[in-house]
Structures are given as C-alpha cells and as structure tokens.
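Report on the structure
Spelled out from the first residue to the last, the chains are:
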Amino acid sequence: PNARVYMLAEAKGHRLVLPYTPTLSNSFAEFFVELKNFRMRRGKLAASLLERGYHFLLVNRGWVVWSVRHSAVDRPVLQATMHQLDLFLDKHCRLVARQGDISLYRFKETE
C-alpha cells in the first residue's frame, strides 16, 4: 500500500498508479553518484531505497545514454556507470515491464 516508484531519468508518470519520484537531468546524476559510492555495497543502496518506500525502479536507459553522451562525461565513465547499474539491477531487481528504452523493475526484497 505504501509502495512508491523511483524514476531514473524519467519524469512522465501519468500512467503509473503508484506515487512516484521523477528524476531528470542533473537529479538523476545523484543516483549514479550513490551507485558509485555504494559500488562494493550495492545491497546498502537497495536497502536505502527500500527504507525510503521505493518498491519499484523505472529506468529510461535511452535518456541516460543520450544525456551522458551529450555532456562532459567521457565514455569510459558512462560504460562503467551503466555496468554498475546493470549489476545493481541483476542482483536486486526483477523486470516487470519494458516499452522501448523504458523498463520497470521491482525490488526482489519486496516480493
């Protein structure tokens, strides 16, 4: 009943029936900073999101890739960050739905 969606690089949640937190531009960079800081402790990042009431993670991978490509971040940083995101998703999330570049994941710990 208190489940929320953390939207990574997406702001349009009009189709979601759950409360959500949109992030775009610089604000989604905060997630990647958190991911980088928790690299060796991804479970702590998942626990942190769960403690804040997030049961779902919506990722717009196309927007992430596009915006980082068109910023000052170099490709090795993008590749390393996306790799860390993939490791995080593989370990802590299950894919619920995908449409184009947008994917909705549920934290395994909430199932």
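Preceding block: the structure.
Residues numbered from 1 in each chain as written. Predicted model: local features only at pLDDT ≥ 70, side-chain atom pairs only at ≥ 80, totals over all residues. Heavy atoms only, no water.

Two side chains of opposite charge can pair, provided their charged atoms sit close to one another. One pass over the structure, following the stated rule, counts one salt bridge. With a shortest N-O distance of 2.8 Å, R61 and D86 are connected by a salt bridge. Of this pair, R61 sits in helix 3 (residues 61-69) while D86 is found in helix 4 (residues 75-92), placing the two residues 25 residues apart along the sequence. D86 gets classed as partly exposed once you look at its relative accessible area, which sits at 30%. (Salt bridge = Lys/Arg side-chain N within 4 Å of Asp/Glu carboxyl O. Helix = DSSP H or I, 4+ residues; strand = E, 2+ residues; numbered from the N terminus. Buried < 20%, exposed > 50% of the residue type's maximum accessible area, 1.4 Å probe, protein only.)

On to the environment of Y54, then. Residue placement: Y54 occurs in strand 3 (residues 54-60). Sequence separation of Y54 and T110 is 56 residues, and the distance between their C-alpha atoms is 9.3 Å. Every residue in contact with Y54, bar those within four places of it in the chain, is listed here: R4, V5, Y6, T21, L49 and F107. At 3.4 Å, the side chain of Y54 and the side chain of R4 are in polar contact. (Contact = heavy atoms within 4.5 Å. Polar contact = N/O pair within 3.5 Å; in protein donor to acceptor, adjacent residues only side chain to side chain.)

The next thing to look at is the packing of aromatic side chains. Counted under the stated rule, the structure contains two aromatic pairs. The interplanar angle of 85° and the centroid separation of 5.2 Å between the aromatic rings of Y6 and Y54 together place this pair among those described as edge-to-face. Residue Y6 is found in strand 1 (residues 4-8), and its partner Y54 is found in strand 3; the two are separated by 48 residues along the sequence. Neither Y6 nor Y54 differs from the other in exposure class; each is buried. (Phe/Tyr/Trp six-rings, centres within 6.5 Å; stacked < 30°, edge-to-face > 60°.)

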